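Architecture and fold: a report
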Amino acid sequence: GFANVSGAAVSPRLQDLLLGVGVNWTTRTDENRDNNQKIDYTANLQAFGAVQYLVAHQLFVKAVVAYARSDFDLAEINGGGGGTWSNDMLSTRVRLMYLF
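Rules and cut-offs
- Residues numbered from 1 in each chain as written.
- Predicted model: local features only at pLDDT ≥ 70, side-chain atom pairs only at ≥ 80, totals over all residues.
- Heavy atoms only, no water.
- Salt bridge = Lys/Arg side-chain N within 4 Å of Asp/Glu carboxyl O.
- Buried < 20%, exposed > 50% of the residue type's maximum accessible area, 1.4 Å probe, protein only.
- Phe/Tyr/Trp six-rings, centres within 6.5 Å; stacked < 30°, edge-to-face > 60°.

Under the counting rule described, the total for this entry stands at one salt bridge. The salt bridge partner of Asp71 is Arg69, with a shortest N-O separation of 3.1 Å. Take Asp71: its relative accessible area is 16%, and that puts it in the buried class.

Let's shift gears to the packing of aromatic side chains. Applying the stated criterion to the full structure yields two aromatic pairs. With 6.5 Å between their ring centres and 20° between their planes, Tyr98 and Phe100 make a pair best called stacked. Residue classification places Phe100 among the exposed positions, given a relative accessible area of 91%.

Below you can see the structure in the form of structure tokens.
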């Protein structure tokens, strides 16, 4: 899910401000055990936060921070003993858009 909130909802002086957040989280557990090379559990998370501001009614400045993580249960791969493997990423970006 995600949500955007206008600064005007807080105060008329903040009408040029826009805030956004979002998250996507999924998991999967494989209940079928056949002792072959299986990944029995996976989890994926993606989340972001964003701030956008309109400067002088012509320049949009938007900053976004995002985070992602994946987890895999490797216990059944290659005869067991694999443990859990995790990977995560943090990113930032800035976008400028000038209206003329």
